[in-house]
Every structure is written in structure tokens, then in C-alpha cells.
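Each chain, written out:
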Amino acid sequence: MTWSEMQPLLSQACWDTFYMVGWSVLIAVVAGLPLGVLLVLTERGGLLHNVVANKVIGQVVNVVRSMPFIILMVALMSFTRWITGTTLGREAAIVPLAIGAIPFFARLVETAVREVDGGLVEAVQSMGGNTWTIVRKVLVPESLPSLISSATTTVVALIGYSAMAGTVGAGGLGDLAIRYGYLRFESEMMWIIVAILAVAISVIQFAGDYAARSLHSRGGRSGPAPRLRLLKPAAAPGETG
């Protein structure tokens, strides 16, 4: 197969892969961030101490995480068909990709948020901050560098998952590698796909690490004290300004 024949196939496969991964990451972050924070808040001694809720959420997360992705895709086929109307193509692949990534990202969020200095939480509580204020002003901002690293890890994992999704007709680079690199013995196509994935993952990892370091140096965890001035206590009687 010549380069002129491979180029349109590779271009479409790259677009399909990053389309699937992009939407899956967005859904995983939107759903996994509050889920991970909730796991921290409801644990023993947490701000929303609720052992039953914590155990239930934790077990659901563990069950989904324990399933190999290829099995998860098959198990979710009926659900995927109900959501998208089909089990083939990139739109259908987004469903199992997102569902598989949500608990993965949630556990990373849980680890990142749990490492926030408890003294900062106590400081906000002493100023009258409620749970939502603590989450918004302390837990998420202080753990942001780690959250960026967690999102980067999730993106890299989803690229690998998307390649597996190609084995069941999801499209993308995995599908191209199976159809041409494996079934048609086009070794050149296989190695080009490997190179594309290696470069893409390296660029994504570099960008994520750079963003996390930049946020850390601006005042993330272990950096300068958080902006607690947003929660100034009320001025004493007779004081002005």
C-alpha cells in the first residue's frame, strides 16, 4: 500500500480516535470529579460523613474498574444501542469509553483531594465556610495540579481503550490496525499507527505535566497559601475598611 493510499485512511482514523477520546474525557471529568470529591466528603471523618453512601459509591466504582474494557464494551452493548441507536462507530464507542473512564478518574480525584492539607479546611470552617465553599475554594483549587495530572493519565488510558474499541467496529486507529496491519499483513501501516500513538501520547503527557507544574508554581499544593482572603471574617464593630 502506497503513502497516498494510506494517508486518507490515517487522517480519518486519527480524527475518529481523538473525537472518541475527547468526548469520553469530557464526560469522565464532568462526572468523575464530583464523584471523587464525594468519596472524600462521605468517608469516615469527612465533611459529609456517611459511611453507607461512601461504601455504596466505592463498591460501584470498584466493580466498574475491575472489569476489563473489552468485557465492559460487550456488557454495555444493549445500553449503548439504547443511547446511540447502534453498537458500531465512534459515537457508540464513546458510551463504554466514558463509563469505563468515570470511575478510573474518580479514584484519581479521590487521591488528589485527600492529600489537601486539612489545616486549610479547618481555616475556612473557622471563617464560617460551608461544605460547598470548602470544595470550591480549597479542595479543588489546592488539588488542581494533581487533578490535571489525573486528567492526563485518563487521556492516555483512553487512547489505549479506544484502540481496543476498534476491535468491535468502533473505528479509529485501533480499527485500522486490525483491518490493515493484522488481517491484511500491512506491516507498514501497523508501524505508522504505532508511531502516531507514541507521538500523540508523548505530546499529551508533556502538555499535562507542563500545565500541572505551572499551576503548582502559581500556588497549588505545597505552594503559597490559598486565597483565603475571599473568606474574610466580618469586620468588628467600629472598624472600617
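Structure shown above.
Residues numbered from 1 in each chain as written. Predicted model: local features only at pLDDT ≥ 70, side-chain atom pairs only at ≥ 80, totals over all residues. Heavy atoms only, no water.

(A) Geometry of the packing of helix α6 (residues 118–126) against helix α7 (residues 131–165). Axis separation between α6 and α7 bottoms out at 10 Å; the angle between their running directions is 155°. One way to sum up the angle between α6 and α7 is to call them roughly antiparallel. As α6 runs across α7, the sense of the crossing is right-handed. Each of Leu120, Val121, Val124 and Gln125 in α6 lies in contact with α7, whose residues at this interface are Thr133, Ile134, Val138, Leu139 and Glu142. Of the residues assigned to the contact of α6 with α7, the class counts are 6 nonpolar, 2 polar and 1 charged. (Axes fitted to C-alpha atoms, helices over the stretch in contact; angles between N-to-C directions. Helix = DSSP H or I, 4+ residues; strand = E, 2+ residues; numbered from the N terminus. Parallel < 35°, antiparallel > 145°, perpendicular 65-115°, else oblique. Left-handed = near helix turned anticlockwise from the far one by under 90°. Contact = heavy atoms within 4.5 Å. Nonpolar A, V, L, I, M, F, W, Y, C, P; charged D, E, K, R; others polar.)

(B) Geometry of a nonpolar patch on the surface. Together, Trp23, Leu26 and Val30 make up a nonpolar patch on the protein surface, roughly 320 Å² of accessible area in all. Overall, Trp23 belongs to the partly exposed group, its relative accessible area being 44%. (Patch = residues over 30% accessible without salt bridge, like charges linked within 9 Å, V, L, I, M, F, W, Y side chains within 5 Å. Areas by Shrake-Rupley, 256 points an atom, 1.4 Å probe, with all protein chains shown as cover. Salt bridge = Lys/Arg side-chain N within 4 Å of Asp/Glu carboxyl O. Buried < 20%, exposed > 50% of the residue type's maximum accessible area, 1.4 Å probe, protein only.)

(C) Molecular detail of the pattern of salt bridges. In total, this model carries 5 salt bridges according to the counting rule given. Across the pair Glu43 and Arg114 runs a salt bridge, and its minimum N-O distance is 2.8 Å. Of this pair, Glu43 sits in the loop between α1 (3–41) and α2 (51–66) while Arg114 sits in helix α5 (residues 90–114), and the two are 71 residues apart along the sequence. Owing to a relative accessible area of 42%, Arg114 belongs among the partly exposed residues under this scheme. Connected through shared salt-bridge partners, Glu43, Arg107, Glu110 and Arg114 make up one network.

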